Amino acid sequence: MPYTPPPELAALSLGQLAEQVAARKIPPVDQWSPQEVGDSEMRIAADGRWFHQGGEIRRPAMVRAFSSLLIRDEAGQHWLVTPFQKLSIAVEDAAFIATDMQVKLDEAGREAIAFRLNSDDLVVCGPDHPLRVGGTADVPAFYLMVRHGVEARLNRSTYGQLIDHALALGGDELAVESMGARFALVPAL
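Let me sum up the structure you'll find in this document. (Residues numbered from 1 in each chain as written. Predicted model: local features only at pLDDT ≥ 70, side-chain atom pairs only at ≥ 80, totals over all residues. Heavy atoms only, no water.)

**A short note on the overall build of the chain**
Right, so step 1: Regarding its fold elements, the chain presents three helices and 14 strands.
Right, so step 2: Its C-alpha atoms give the chain a radius of gyration of 17 Å, within 12% of the compact-globule value 16 Å for 189 residues.
Right, so step 3: Counting only C-alpha atoms and orienting by the principal axes, one finds that the chain spans roughly 50 × 40 × 30 Å.
Right, so step 4: Residues classed as buried in the chain amount to 42% of the 189 residues present.
Right, so step 5: Approximately 10300 Å² of the chain is accessible, and the part contributed by carbon and sulfur atoms is 53%.
Right, so step 6: Looking at charge distribution, the chain has the averaged site of its 17 positive side-chain charges lying 5 Å from that of its 25 negative ones. (Helix = DSSP H or I, 4+ residues; strand = E, 2+ residues; numbered from the N terminus. Rg over C-alpha atoms; globule rule 2.2 N^0.38 Å. Buried < 20%, exposed > 50% of the residue type's maximum accessible area, 1.4 Å probe, protein only. Areas by Shrake-Rupley, 256 points an atom, 1.4 Å probe, with all protein chains shown as cover. Lys, Arg positive; Asp, Glu negative; His and termini not counted. Charge placed at Lys NZ, Arg CZ, Asp CG, Glu CD.)

**Re the packing of aromatic side chains**
Right, so step 1: For the structure on display, the rule yields two aromatic pairs.
Right, so step 2: Note that R43 overlies the ring of F51, its terminal NZ or CZ placed 4.3 Å from the centroid.
Right, so step 3: Above the plane of the ring of Y143 lies R132, whose end atom (NZ or CZ) is 4.3 Å from the centre. (Phe/Tyr/Trp six-rings, centres within 6.5 Å; stacked < 30°, edge-to-face > 60°. Lys NZ or Arg CZ within 6 Å of the ring centre and 35° of its normal.)

**Re the pairing of strand β11 (residues 140-147)**
Right, so step 1: With seven of eight residues buried, β11 lies mostly within the body of the structure.
Right, so step 2: In this sheet, β11 lies alongside strand β10 (residues 131-135) in antiparallel orientation, the contact comprising five bridges. Bridge pairing in β11 links L131 to L144.
Right, so step 3: The turn linking β10 back onto β11 is made up of four residues.
Right, so step 4: The hairpin formed by β11 and strand β12 (residues 150-154) contains two residues between the paired strands, and H148 there has a positive phi angle of roughly 50°. (Pairing = 2+ DSSP bridges.)

**With respect to unusual backbone geometry**
Right, so step 1: Despite not being glycine, Q53 shows a phi value in the positive range, around 50°.
Right, so step 2: Relative to the helices and strands, Q53 is located in the loop between β2 (50-52) and β3 (55-56).
Right, so step 3: Exposure remark for Q53: the relative accessible area of 57% places this residue in the exposed category.
Right, so step 4: A positive phi is found at M179, a non-glycine position, where the angle reads about 55°.
Right, so step 5: Summarising the element assignment, M179 is placed in the loop between β13 (175-178) and β14 (181-184).

**A word on the sheet that holds strand β5 (residues 78-81)**
Right, so step 1: What the six strands build is an open sheet, ordered β3-β2-β1-β6-β5-β4; its pairing is mixed. Every other strand in the sheet has two partners, leaving β3 and β4 (70-72) as the edge strands with one partner each.
Right, so step 2: Where strand β1 (residues 36-44) and β2 come together, three bridges link them in antiparallel fashion. The residue bridging I44 from the neighbouring strand is W50, located in β2.
Right, so step 3: Packed on one face of the sheet, helix α2 (residues 60-67) meets β1, β2, β4 and β5 and runs near 90° to β2. (Contact = heavy atoms within 4.5 Å. Axes fitted to C-alpha atoms, helices over the stretch in contact; angles between N-to-C directions.)

Rendered as structure tokens:
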């Protein structure tokens, strides 16, 4: 069965976006305790491309399937988890890349910032999916918590959209709000 990507982020209301997120069936990888541990011989490059034994995985549906099995432990190691195996996977920076963002309003008029990932996952920033800023003041890096400790790095155009939105809000601090949570957009010194 061919994979059909979700509609464009700009075309979705916040309610429709929530329906799309709920429709994505993510396996309960955090509830599995496989006995077999090994190496997947896979790598996710800093630009979001996936490789297995040195060859690029070019089928988006395969990447999407594998991405649903990802977790990151407290030590920062990424794993592909099934009920039977837990396989390490090398991740150069972040497992996902955020490729687009849109600001939506909820019923109460509060802002919600939605992101589309390179896996076509949709994530709404907020207390459960916080933004963090790494890097330096000269070269910041923006990350969004996706699930199970796994993050998405915002690509250049997406963090440009985020900064433009924060500047349009004005205020003394470069920050945004989403789902009632406030996120500073300046790296901690």
